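# Structural overview for review
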Amino acid sequence: AQKVTQAQTEISVVEKEDVTLDCVYETRDTTYYLFWYKQPPSGELVFLIRRNSFDEQNEISGRYSWNFQKSTSSFNFTITASQVVDSAVYFCALSAPAGSARQLTFGSGTQLTVLP
Amino acid sequence: GAGVSQSPSNKVTEKGKDVELRCDPISGHTALYWYRQSLGQGLEFLIYFQGNSAPDKSGLPSDRFSAERTGGSVSTLTIQRTQQEDSAVYLCASSLRTSGYQETQYFGPGTRLLVL
C-alpha cells in the first residue's frame, strides 16, 4: 500500500518569511513518482513539480525549491520569501506502477496562509 | 492550449436523483482520471481510463457510481440515487498516457456537488 503523510495541517507565516512544507511517503515500489500540487482558493489543482525515484537532485524554480531524500522517504517543499499569493493548500502526491493503475495517492494537504 | 474542462461547475440535487458530471480532457491526452475531494476523506481516486477502457474501477465507492468515456475524449461520471454523503468536489484530470512512464496529471476546476 502507498501512503503520503503531510503532518502540517496548517501553517501561517508573515510575508517574506521562508516556509517549508513537509511530505513523507511510503511505498514498496522501487520505481515511483512524487508530485506537488497547489490548490488556491479557486479550487483548481495546479501542478508544481514531478520527480522520479531515480533522481534525487534537488530542484529550484524561482522562489520554490524541493528537497528529495530517499533515505528518509521525504520530499519537502520550501518557499523562499513567501508572498500573499502563495496562500493555498499544498498537496504532496505519490504514484507507483502497481499493476496497471497510475492513480495519485495524495497527502491530506497543508493549508498555507501568508499574512501581509 | 485549453486545459481540462468540467461541467457543470456547481450542481445541487435532491437525495435520490441521478446526476451526470462531464469532463473534457486536454486535447491529445489519452489517459483520464476521476477523483473526489471531500472534507472527511481528502482526495480519493475513483477511476481512470486509458483510451475508452477503464482497467481499474476499484476506487468507485459503490455500484451507484459509473463512468464512461467515448471516442477517447469526453468522459461522464454518473451517480445514481444520490446520497448526502456523495456531496463533494469531483475532479477530473488527464495525462498524455499511462503506460511505461508516469505522465503528469493536469486537473480541471472540478464540479462541486451538493446533495440535499
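As the structure is a computational prediction, the values presented were derived from the model and not from experiment.

Calculation notes
- The written sequence of each chain sets the order in which its residues are numbered from 1.
- Chain labels run from A onward and ligand labels from 1 onward, assigned in the order the entries are written.
- The predicted nature of this model means local features are confined to residues of pLDDT at least 70 and side-chain atom pairs, given and counted, to a pLDDT of 80 or more, with totals for whole chains, interfaces and linings taken over all residues.
- Neither water nor hydrogens contribute to the side-chain values; these are computed over all heavy atoms in the structure.
- Salt bridges are defined by distance alone: a side-chain nitrogen of Lys or Arg within 4 Å of a carboxyl oxygen of Asp or Glu.
- We count a stretch as a helix when DSSP gives it H or I for four or more residues in a row; a strand needs E for two or more, and each element gets its number in order from the N terminus.
- Burial classes: relative accessible area under 20% of the type maximum marks a residue as buried, over 50% as exposed, and values in between as partly exposed (1.4 Å probe, protein chains only).

### With respect to the pattern of salt bridges
- Enumeration over the complete set of coordinates arrives at six salt bridges over all chains.
- Put simply, arginine 63 of chain A and aspartate 86 of chain A hold a salt bridge, and the shortest N to O gap is 2.8 Å. A residue pair is termed long-range when its members are at least 10 positions apart, and arginine 63 of chain A in the loop between strand 7 (59-61) and strand 8 (64-69) and aspartate 86 of chain A in the loop between strand 9 (74-79) and strand 10 (88-95) qualify at 23 residues.
- Overall, the relative accessible area of 25% leaves arginine 63 of chain A in the partly exposed class.
- Relative accessible area serves as the criterion here: at 1%, aspartate 86 of chain A is assigned to the buried category.
- One salt bridge in this structure joins aspartate 86 of chain B and arginine 64 of chain B, with 2.8 Å as the shortest N-O distance. Taken together, the residues aspartate 86 of chain B in the loop between strand 8 (75-79) and strand 9 (88-95) and arginine 64 of chain B in the loop between strand 6 (53-56) and strand 7 (65-69) connect sequence positions 22 residues apart.
- For aspartate 86 of chain B, a relative accessible area of 1% puts it in the buried group.
- Assessed through its relative accessible area of 12%, arginine 64 of chain B is described here as buried.

Nothing here speaks to function; it is geometry throughout.
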